[in-house]
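Chain by chain, the residues run as shown.
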There are 2 protein chains.
Amino acid sequence: MDKLPAKTIERLNSYRRLLLRYEYMERPYVFSADLARSLNINPVHVRRDLMLLGFQGNNARGYNVKELNKAIALHFQKIAQTKACIIGFGNMGKAVFEQITESESPITIAAIFDSSPENIHKTFAYVSCYSIDKLTQVIPSSAITLAIITAFEEDITALLPLLTASGIAGIMNLTAVQPTLPKGMLMESFDITSAIISLAYKTNC
Amino acid sequence: MDKLPAKTIERLNSYRRLLLRYEYMERPYVFSADLARSLNINPVHVRRDLMLLGFQGNNARGYNVKELNKAIALHFQKIAQTKACIIGFGNMGKAVFEQITESESPITIAAIFDSSPENIHKTFAYVSCYSIDKLTQVIPSSAITLAIITAFEEDITALLPLLTASGIAGIMNLTAVQPTLPKGMLMESFDITSAIISLAYKTNC
């Protein structure tokens, strides 16, 4: 199967979650218009995304929910072995951990790193929390390739070479700092304080 | 002053935070290249953003840090009266509250709403937490116009008409649900589970 656009991948994940609800409610078919309405997107996008997966809807009854679910799961198998770690286990780290572990995500959280003595050496939903100085041991031995950074605003730049050397290929940066990236490293960032200012500006001006 | 592009606004906030650090370190001038490197963006963007604010750098010594800071603060005055509430005060709500209150944001969190008895009627850094059924009273009486929704995955659609009626103009949606929006309502969404899947896909495929 060809590589799908990044936006399609994000939407596939949203479809998957909706479709699991449909399966649970034993509803065998779904229209692209229903998926589009639930997700507040254009039905044309839904139809194009599913066409990229090899599906054509049936005008009379829509898409087969089980088949669609299977196809998305099959596509996600490519990333189903992906392991991530969470660096920083304050409120944001805990929130992210909960959301990922509770969403039947294809990504597994395989380790947590924190600097607080009350978290280190404990396990959270069977995932161990290590001190930060164990990064370079635990990441390679657990074959972790993604890091979700939720803290360490000051030290994130110092952390990056260690992460690269340990085998991390992608970073989800939830701090307000935008560090210079080592070569070959991918990073996605979300900064809540900038996002809320941008929203305020849009509603006010 | 003309309306600035949304991306410029988000970057202005990043510049502001960096410049506050420069002021604190008593460094009077900064080059666009330094700002660009710290934020991992193109120096051309920095120069264009600051030109939109009415600033031209001086090739020999760069931009005046204090003047630049003042200009950004002045621009943000437009939104400095904006009040937001946080709906849902679990780990994600607490993380967002901390990030906004600790970032010297021009946006004020004026109320928190939650369904947990251990939070209701308490105050967090002088901000009161109310039960959800107080939404329609507290939001108009506190002149709150933004809502940051961090929970209530099931009920978010039921919540929207109440929020519109109470005077909310913009929503920051940090849940995995994409509800259909009432007319005139703006929404920005960030779904961590979809973002991490997209990152995994980019690094693996």
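Counting starts from 1 at the beginning of each chain's written sequence and moves along it residue by residue. Following the order in which they are written, the chains are lettered starting with A and the ligands numbered starting with 1. Residue-level local features of this predicted model are given only where pLDDT is at least 70; pairs of side-chain atoms are given and counted only at 80 or more, and the full residue set underlies all totals for whole chains, interfaces and linings. For the side-chain quantities, the full set of heavy atoms in the structure was used; hydrogens and water were omitted.

## Quick notes on the confidence of the model for chain A
Basically, it comes down to this: Each residue carries a pLDDT value, the predictor's own confidence for that position, ranging from 0 to 100.
Of all residues in chain A, 97% have pLDDT values of 70 or greater, and the mean over the chain is 88. The ipTM, which scores confidence in the relative placement of chains, is 0.82 for this predicted complex, and the corresponding pTM is 0.81.

## Some remarks on the sheet that holds strand S4 (residues 108-114) of chain A
Residue and element names in this part refer to chain A. In plain terms, the rule: When DSSP finds at least two bridges between two strands, those strands are taken to pair. Per the convention used, a helix needs a DSSP run of H or I reaching at least four residues, while a strand needs a run of E reaching at least two, with both numbered from the N terminus.
The sheet built from 7 strands is open, its strands ordered S5-S6-S4-S3-S7-S8-S9 with mixed pairing. Sheet topology places strand S5 (123-124) and strand S9 (186-189) at the edges, where each strand pairs with a single neighbour. One ladder, built from 4 bridges, connects strand S7 (residues 146-149) with strand S8 (residues 170-173); its direction is parallel. When the bridges of S8 are listed, Leu146 appears paired with Gly170.

## Topic: the side chain of Thr8 of chain A
For the record, the criterion: In what follows, a contact means two residues having at least one pair of non-hydrogen atoms within 4.5 Å.
Mapped onto the fold, Thr8 of chain A is located in helix H1 (residues 6-24). Not counting residues up to four positions away in its chain, the partners in contact with Thr8 of chain A are Asp49 and Leu52 of chain A.

## As for the pattern of salt bridges
Residues and elements named next belong to chain A. As a reminder, the rule being used: Any carboxyl oxygen of Asp or Glu within 4 Å of a side-chain nitrogen of Lys or Arg constitutes a salt bridge here. A simple rule labels every residue: compare its accessible area, found with a 1.4 Å probe on the protein chains alone, to the largest value its type can have, and call it buried under 20%, exposed over 50%, or partly exposed in between.
Tallying each qualifying case throughout the model produces 10 salt bridges over all chains. For the salt bridge of Asp49 with Arg11, the shortest nitrogen-to-oxygen distance reads 2.6 Å. Taken together, the residues Asp49 in helix H3 (residues 43-52) and Arg11 in helix H1 connect sequence positions 38 residues apart. Owing to a relative accessible area of 1%, Asp49 belongs among the buried residues under this scheme.

## Brief notes about the environment of Tyr63 of chain B
Residues and elements named next belong to chain B. Relative to the assigned elements, Tyr63 resides in strand S2 (residues 63-64). For Tyr63, a relative accessible area of 5% translates into the label buried. Expressed as a C-alpha distance, the spacing of Tyr63 and Phe31, which sit 32 residues apart in the sequence, is 6.0 Å. Residues within four places of Tyr63 in sequence aside, it is in contact with Pro28, Tyr29, Val30, Ser32, Arg47, Leu50, Phe55, Gln56, Gly57 and Leu68.

## Things to note about the relation of the copies chain B and chain A
What counts here: For this overlay, a least-squares fit was computed on C-alpha atoms, restricted to residues scoring pLDDT of at least 70 in both copies.
Rotating chain B by 180° and moving it 0.0 Å along the rotation axis overlays it on chain A with an RMSD of 0.0 Å. What the rotation and shift describe, once combined, is the action of a two-fold rotation axis. Across chain B, the rotation axis passes nearest the C-alpha of Asn91 of chain B, at a separation of 2.4 Å. Of the residues that chain B buries at the interface, 100% are likewise interface residues in chain A, meaning the two copies contact each other through the same surface.

## Thoughts on the sheet that holds strand S4 (residues 108-114) of chain B
Keep this limit in mind: Lines fitted to the C-alpha atoms define the axes, with helices restricted to the stretch that makes contact. Angles between their N-to-C directions range from 0 to 180 degrees.
The 7 strands are arranged S5-S6-S4-S3-S7-S8-S9 (chain B) in an open sheet whose pairing can be described as mixed. Edge positions in the open sheet fall to strand S5 (123-124) and strand S9 (186-189) of chain B, since each of these has one partner strand only. Strand direction decides the pairing type here: strand S3 (residues 83-87) of chain B and S4 of chain B, joined by 5 bridges, are parallel. The residue bridging Ile87 of chain B from the neighbouring strand is Phe113 of chain B, located in S4 of chain B. Here helix H8 (residues 192-204) of chain A sits on the sheet and contacts strand S7 (146-149), strand S8 (170-173) and S9 of chain B; the angle it forms with S8 of chain B, its principal contact strand, is near 160°. Along the sheet, helix H7 (residues 156-166) of chain B contacts S3, S7 and S8 of chain B; its crossing angle with S7 of chain B, the most-contacted strand, is approximately 170°.

## Some thoughts on helix H5 (residues 91-102) of chain A
All names here are of chain A. Worth spelling out the cut-off: For a helix, the expected span equals 1.5 Å multiplied by the number of residues minus one.
With 12 residues, H5 should cover 16 Å at 1.5 Å per step; its first-to-last C-alpha distance of 16 Å lies within 8% of that length. Regarding H5, the residues found buried are Asn91, Met92, Gly93, Ala95, Val96, Phe97, Gln99 and Ile100. The first or second residue beyond H5 is Glu104, which carries a positive phi of 50°.

## Quick notes on the interface of chain B and chain A
This is how the line gets drawn: The term buried area means the drop in 1.4 Å probe accessible area that two parts suffer when joined, counted for both and summed. Within 3.5 Å is the distance limit for a polar contact, defined as a pair of N or O atoms, with the added protein rule that one can donate a hydrogen and the other accept it, and that residues adjacent in sequence qualify only through two side-chain atoms. Any residue outside Ala, Val, Leu, Ile, Met, Phe, Trp, Tyr, Cys, Pro, Asp, Glu, Lys and Arg is labelled polar, Gly included; the first ten of those are nonpolar and the last four are charged.
At the interface, 60 residues of chain B touch 60 residues of chain A. A combined buried area of about 5700 Å² lies between chain B and chain A, and 65% of that area is made up of carbon and sulfur atoms. Remark: the boundary between chain B and chain A carries 4 salt bridges. For Lys202 of chain B, the salt bridge goes to Glu188 of chain A, with nearest N and O atoms at 2.5 Å. Here chain B is connected to chain A by 15 residue pairs in polar contact (both at pLDDT 80 or more). Here the residues of the side of chain B that touches chain A sort into 31 nonpolar, 18 polar and 11 charged.

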